[in-house]
Amino acid sequence: ELRRADDPAYPKSIFEIPGAKEVALETTSFSKLAGFTGVRLGWVVCPAELKFADGTPVKQDLGRIMSTLFNGAASVSQIGGLAVLDDLKPVQDIVDYYLENARLVRECLTELGIKFYGGVNAPYTFVHFPGRDSWEVFDEILHKCQVVTTPGVGFGPAGQGFIRISAFAHRENVLEACARFRANLKA
(Lines give C-alpha, C1' and ligand atoms only; values in the text may rest on other atoms or scores of the structure.)
Protein backbone atom coordinates (compact mmCIF):
# COMPACT_ATOMS: atom_id res chain seq x y z
CA GLU A 1 0.00 0.00 0.00
CA LEU A 2 1.39 3.39 -1.00
CA ARG A 3 0.77 6.34 1.29
CA ARG A 4 1.83 9.94 1.05
CA ALA A 5 4.60 10.96 3.41
CA ASP A 6 2.29 13.58 4.92
CA ASP A 7 -0.24 10.90 5.93
CA PRO A 8 -0.67 11.31 9.72
CA ALA A 9 -0.61 7.52 10.15
CA TYR A 10 2.86 7.40 8.57
CA PRO A 11 5.85 7.91 10.92
CA LYS A 12 7.74 11.16 10.35
CA SER A 13 10.87 9.68 11.86
CA ILE A 14 12.19 6.15 12.13
CA PHE A 15 12.57 6.88 15.82
CA GLU A 16 8.77 6.84 16.20
CA ILE A 17 9.07 3.06 15.78
CA PRO A 18 9.71 1.28 19.10
CA GLY A 19 13.27 -0.02 19.39
CA ALA A 20 14.61 2.01 16.47
CA LYS A 21 16.99 4.06 18.64
CA GLU A 22 18.96 0.91 19.36
CA VAL A 23 19.38 -0.10 15.70
CA ALA A 24 19.07 2.88 13.33
CA LEU A 25 20.56 6.12 12.13
CA GLU A 26 18.31 8.65 10.41
CA THR A 27 19.53 10.82 7.58
CA THR A 28 17.76 13.34 5.41
CA SER A 29 18.39 16.52 3.47
CA PHE A 30 16.80 19.56 1.90
CA SER A 31 17.50 18.19 -1.59
CA LYS A 32 13.96 17.12 -2.43
CA LEU A 33 12.01 18.99 0.25
CA ALA A 34 13.26 22.42 -0.73
CA GLY A 35 14.93 21.92 -4.10
CA PHE A 36 18.43 22.04 -2.61
CA THR A 37 19.75 19.49 -5.10
CA GLY A 38 23.43 20.28 -5.54
CA VAL A 39 23.54 22.57 -2.49
CA ARG A 40 24.09 19.61 -0.19
CA LEU A 41 22.57 20.44 3.14
CA GLY A 42 21.45 17.52 5.25
CA TRP A 43 21.84 15.87 8.60
CA VAL A 44 22.25 12.58 10.42
CA VAL A 45 20.59 11.74 13.72
CA CYS A 46 22.53 9.23 15.77
CA PRO A 47 20.85 8.34 19.07
CA ALA A 48 22.95 7.78 22.16
CA GLU A 49 21.30 4.36 22.51
CA LEU A 50 22.90 3.09 19.28
CA LYS A 51 25.97 1.07 20.18
CA PHE A 52 28.47 -1.24 18.53
CA ALA A 53 28.58 -4.89 19.66
CA ASP A 54 31.30 -4.01 22.20
CA GLY A 55 29.07 -1.32 23.76
CA THR A 56 30.90 1.68 22.29
CA PRO A 57 28.47 4.45 21.28
CA VAL A 58 28.21 4.75 17.49
CA LYS A 59 27.92 8.53 17.75
CA GLN A 60 31.44 8.67 19.22
CA ASP A 61 32.90 7.20 16.01
CA LEU A 62 30.39 8.94 13.75
CA GLY A 63 31.45 12.32 15.11
CA ARG A 64 35.10 11.52 14.52
CA ILE A 65 34.44 10.25 10.99
CA MET A 66 32.26 13.23 10.04
CA SER A 67 34.76 15.78 11.36
CA THR A 68 37.56 14.01 9.47
CA LEU A 69 35.70 13.81 6.15
CA PHE A 70 33.60 16.95 6.27
CA ASN A 71 34.29 20.54 7.29
CA GLY A 72 30.64 21.58 7.48
CA ALA A 73 28.03 23.02 5.17
CA ALA A 74 28.66 26.39 3.52
CA SER A 75 27.16 29.38 5.31
CA VAL A 76 24.86 30.16 2.38
CA SER A 77 23.46 26.60 2.58
CA GLN A 78 22.88 26.92 6.31
CA ILE A 79 21.13 30.28 5.92
CA GLY A 80 18.94 28.82 3.17
CA GLY A 81 18.08 25.85 5.38
CA LEU A 82 17.08 28.15 8.23
CA ALA A 83 14.85 30.14 5.87
CA VAL A 84 13.12 26.93 4.78
CA LEU A 85 12.52 25.87 8.38
CA ASP A 86 11.30 29.34 9.28
CA ASP A 87 8.32 29.08 6.89
CA LEU A 88 7.45 25.61 5.59
CA LYS A 89 4.11 26.59 3.98
CA PRO A 90 5.58 27.89 0.69
CA VAL A 91 7.85 24.86 0.56
CA GLN A 92 4.88 22.52 1.05
CA ASP A 93 2.97 24.40 -1.67
CA ILE A 94 5.83 23.75 -4.10
CA VAL A 95 6.03 20.10 -3.07
CA ASP A 96 2.28 19.75 -3.65
CA TYR A 97 2.64 21.38 -7.08
CA TYR A 98 5.29 18.89 -8.18
CA LEU A 99 3.41 15.93 -6.70
CA GLU A 100 0.38 17.00 -8.76
CA ASN A 101 2.65 17.00 -11.82
CA ALA A 102 3.73 13.47 -10.89
CA ARG A 103 0.06 12.45 -10.58
CA LEU A 104 -0.51 13.70 -14.13
CA VAL A 105 2.43 11.61 -15.36
CA ARG A 106 1.12 8.52 -13.53
CA GLU A 107 -2.36 9.07 -14.98
CA CYS A 108 -0.91 9.32 -18.50
CA LEU A 109 1.19 6.17 -18.13
CA THR A 110 -1.80 4.29 -16.70
CA GLU A 111 -3.92 5.31 -19.71
CA LEU A 112 -1.17 4.05 -22.01
CA GLY A 113 -0.92 0.74 -20.14
CA ILE A 114 2.76 1.31 -19.38
CA LYS A 115 4.11 -0.17 -16.13
CA PHE A 116 5.69 2.32 -13.73
CA TYR A 117 6.77 2.71 -10.13
CA GLY A 118 6.85 5.75 -7.85
CA GLY A 119 5.65 9.25 -8.45
CA VAL A 120 3.53 9.18 -5.29
CA ASN A 121 5.77 10.49 -2.50
CA ALA A 122 8.39 11.94 -4.81
CA PRO A 123 8.29 13.71 -8.17
CA TYR A 124 10.05 10.87 -9.96
CA THR A 125 8.35 8.07 -11.87
CA PHE A 126 10.36 5.04 -12.94
CA VAL A 127 8.91 3.59 -16.13
CA HIS A 128 9.55 -0.06 -16.95
CA PHE A 129 10.35 -1.30 -20.43
CA PRO A 130 11.15 -5.01 -19.80
CA GLY A 131 13.94 -6.45 -21.89
CA ARG A 132 14.87 -3.07 -23.36
CA ASP A 133 18.09 -1.12 -22.92
CA SER A 134 17.57 2.08 -20.90
CA TRP A 135 19.60 4.18 -23.31
CA GLU A 136 17.68 2.77 -26.28
CA VAL A 137 14.37 3.72 -24.63
CA PHE A 138 15.75 7.15 -23.73
CA ASP A 139 16.76 7.74 -27.38
CA GLU A 140 13.41 6.50 -28.69
CA ILE A 141 11.42 8.80 -26.39
CA LEU A 142 13.71 11.72 -27.18
CA HIS A 143 13.27 11.26 -30.93
CA LYS A 144 9.58 10.27 -31.01
CA CYS A 145 8.29 12.57 -28.27
CA GLN A 146 10.98 15.25 -27.98
CA VAL A 147 10.91 14.70 -24.20
CA VAL A 148 14.06 14.29 -22.11
CA THR A 149 14.00 11.47 -19.55
CA THR A 150 16.81 9.81 -17.60
CA PRO A 151 18.06 6.31 -18.48
CA GLY A 152 17.46 4.07 -15.46
CA VAL A 153 20.82 2.35 -15.79
CA GLY A 154 22.37 5.65 -14.68
CA PHE A 155 21.15 4.73 -11.18
CA GLY A 156 22.95 1.36 -11.26
CA PRO A 157 22.56 -2.04 -12.92
CA ALA A 158 19.07 -2.61 -11.44
CA GLY A 159 17.87 0.42 -13.42
CA GLN A 160 18.41 -1.31 -16.74
CA GLY A 161 15.11 -1.47 -18.61
CA PHE A 162 13.78 1.67 -16.90
CA ILE A 163 13.70 5.37 -17.60
CA ARG A 164 12.96 8.05 -15.02
CA ILE A 165 10.53 10.86 -15.66
CA SER A 166 10.90 13.93 -13.47
CA ALA A 167 7.89 16.06 -12.56
CA PHE A 168 10.13 19.00 -11.62
CA ALA A 169 8.75 21.22 -14.39
CA HIS A 170 6.15 23.85 -15.17
CA ARG A 171 2.66 22.36 -15.36
CA GLU A 172 2.23 23.27 -19.03
CA ASN A 173 5.45 21.39 -19.86
CA VAL A 174 4.26 18.29 -18.01
CA LEU A 175 0.91 18.43 -19.82
CA GLU A 176 2.71 18.83 -23.14
CA ALA A 177 5.01 15.88 -22.38
CA CYS A 178 1.99 13.74 -21.50
CA ALA A 179 0.26 14.76 -24.75
CA ARG A 180 3.38 13.72 -26.66
CA PHE A 181 3.54 10.40 -24.80
CA ARG A 182 -0.14 9.75 -25.64
CA ALA A 183 0.50 10.51 -29.31
CA ASN A 184 3.69 8.50 -29.68
CA LEU A 185 3.96 5.73 -27.06
CA LYS A 186 1.95 2.55 -26.78
CA ALA A 187 2.33 -0.25 -24.23
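So, here is what we can say about the structure in this document. All of these numbers come straight from a predicted model, not from anything done at the bench. (Residues numbered from 1 in each chain as written. Predicted model: local features only at pLDDT ≥ 70, side-chain atom pairs only at ≥ 80, totals over all residues. Heavy atoms only, no water.)

## Description of the packing of helix α3 (residues 88-112) against helix α5 (residues 171-184)
1) Next: Two elements in contact, α3 and α5, have axes separated by 10 Å at closest approach and are oriented at 10 degrees. Considering the angle they form, α3 stands roughly parallel to α5. Across the interface between the two elements, Tyr 97, Glu 100, Asn 101, Leu 104, Val 105, Glu 107, Cys 108, Glu 111 and Leu 112 from α3 touch Arg 171, Val 174, Leu 175, Cys 178, Phe 181 and Arg 182 from α5.
2) Next: The residue inventory of the contact of α3 with α5, partitioned by class, reads 9 nonpolar, 1 polar and 5 charged. (Axes fitted to C-alpha atoms, helices over the stretch in contact; angles between N-to-C directions. Helix = DSSP H or I, 4+ residues; strand = E, 2+ residues; numbered from the N terminus. Parallel < 35°, antiparallel > 145°, perpendicular 65-115°, else oblique. Contact = heavy atoms within 4.5 Å. Nonpolar A, V, L, I, M, F, W, Y, C, P; charged D, E, K, R; others polar.)

## Re the pairing of strand β6 (residues 162-166)
1) Next: Of all 5 residues in β6, 4 are buried, a share of seventy percent or more.
2) Next: Looking at chain direction, strand β4 (residues 124-128) and β6 are connected through 5 bridges and run antiparallel. When the sheet's bridge partners are listed, Tyr 124 is paired in β6 with Ser 166.
3) Next: The pairing of strand β5 (residues 150-151) with β6 spans 2 bridges and is antiparallel. (Buried < 20%, exposed > 50% of the residue type's maximum accessible area, 1.4 Å probe, protein only. Pairing = 2+ DSSP bridges.)

## Notes on empty space enclosed by the protein
1) Next: Taken as a whole and assessed by the stated rule, the structure comprises 1 cavity of 30 Å³ or more.
2) Next: A volume near 30 Å³ is recorded for the largest cavity.
3) Next: What lines the largest cavity is Leu 109, Ile 114, Val 127, Phe 129, Ile 141, Ile 163, Ile 165, Phe 181 and Leu 185.
4) Next: When the residues that make up the lining of the largest cavity are grouped by side-chain class, the tally is 9 nonpolar, no polar and no charged. (1 Å grid on protein atoms, 1.4 Å probe; cavity = no way out; pocket = protein on both sides within 12 Å on 5 of 7 lines; lining within 4 Å. Points joined across faces, edges and corners; volume = space filled by probe spheres on them.)

## Considering the pattern of salt bridges
1) Next: Within the structure shown, the criterion is met by 9 salt bridges.
2) Next: Ionic pairing is found between Glu 100 and Arg 103, a salt bridge with its closest N-O pair at 2.6 Å. A residue pair is termed a helical-turn pair when its members lie 3 or 4 positions apart in one helix, as Glu 100 and Arg 103 do in helix α3 at 3 residues.
3) Next: According to the relative accessible area criterion, Glu 100 is partly exposed, its value standing at 26%.
4) Next: By relative accessible area, which is 30% here, Arg 103 ends up partly exposed.
5) Next: Among the salt bridges present, the one from Glu 140 reaches Lys 144, with a minimum N-O distance of 3.3 Å. (Salt bridge = Lys/Arg side-chain N within 4 Å of Asp/Glu carboxyl O.)

Structural measurements only, silent on function.
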